[in-house]
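Letter by letter, the chains look like this.
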Amino acid sequence: MSKHQIVRELRREIVKLNRIIDLAIIRGVSYREEARRHKFLVAQLNRLQPRRSIFSSLSFAHMFMF
């Protein structure tokens, strides 16, 4: 499985868990296990695809301006 496929599957699973958590909140039931799984999946996604800050790209562009 390629990195792109793994990232896509992680995002799908996170969306699915978000729906389950939302329904649990509406029903007033515990969603502890789902929240734990969600946290794990988000950590995996961040490990595979670190977010790029707009400030890091601005400072990179700034190097070429001067």
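Above this note sits the structure.
Rules and cut-offs
Residues numbered from 1 in each chain as written. Predicted model: local features only at pLDDT ≥ 70, side-chain atom pairs only at ≥ 80, totals over all residues. Heavy atoms only, no water. Helix = DSSP H or I, 4+ residues; strand = E, 2+ residues; numbered from the N terminus. Buried < 20%, exposed > 50% of the residue type's maximum accessible area, 1.4 Å probe, protein only. Contact = heavy atoms within 4.5 Å. Axes fitted to C-alpha atoms, helices over the stretch in contact; angles between N-to-C directions. Parallel < 35°, antiparallel > 145°, perpendicular 65-115°, else oblique. Left-handed = near helix turned anticlockwise from the far one by under 90°. Nonpolar A, V, L, I, M, F, W, Y, C, P; charged D, E, K, R; others polar. Expected span 1.5 Å × (residues − 1).

Novice: Can you lay out the overall build of the protein for me, pointing to particular residues and giving the numbers?
Specialist: In terms of helices and strands, the protein carries three helices and zero strands. In the protein, the order of α-helices and β-strands from amino to carboxyl end is α-α-α. Across the 66 residues that make up the protein, the buried fraction comes to 15%. Counting contacts in the protein only where the partners sit at least 6 residues apart, residues at least 24 apart contribute 60% of the total.

Novice: Hey, could you go over the packing of helix α1 (residues 3-27) against helix α2 (residues 32-48) for me, with residue numbers and the actual values?
Specialist: Two elements in contact, α1 and α2, have axes separated by 10 Å at closest approach and are oriented at 155°. In terms of axis orientation, α1 runs roughly antiparallel to α2. As α1 packs across α2, the resulting crossing turns out to be left-handed. Contacts from Lys3, Ile6, Val7, Leu10, Arg11, Glu13, Ile14, Leu17, Asn18, Ile20 and Ile21 of α1 reach α2 at Glu34, Ala35, Arg37, His38, Leu41, Val42, Gln44, Leu45 and Leu48. Its residues placed into classes, the contact of α1 with α2 shows twelve nonpolar, three polar and five charged.

Novice: Outline α1, supporting the account with residue identities and numerical values.
Specialist: Between its first and last C-alpha, α1 extends 36 Å over 25 residues, near the 36 Å set by a 1.5 Å rise per residue. Here α1 has its buried residues at Val7, Leu10, Ile14, Leu17, Ile21 and Ala24. Immediately beyond the C-terminal end of α1, within one or two residues, lies Gly28, with a positive phi of roughly 80°.

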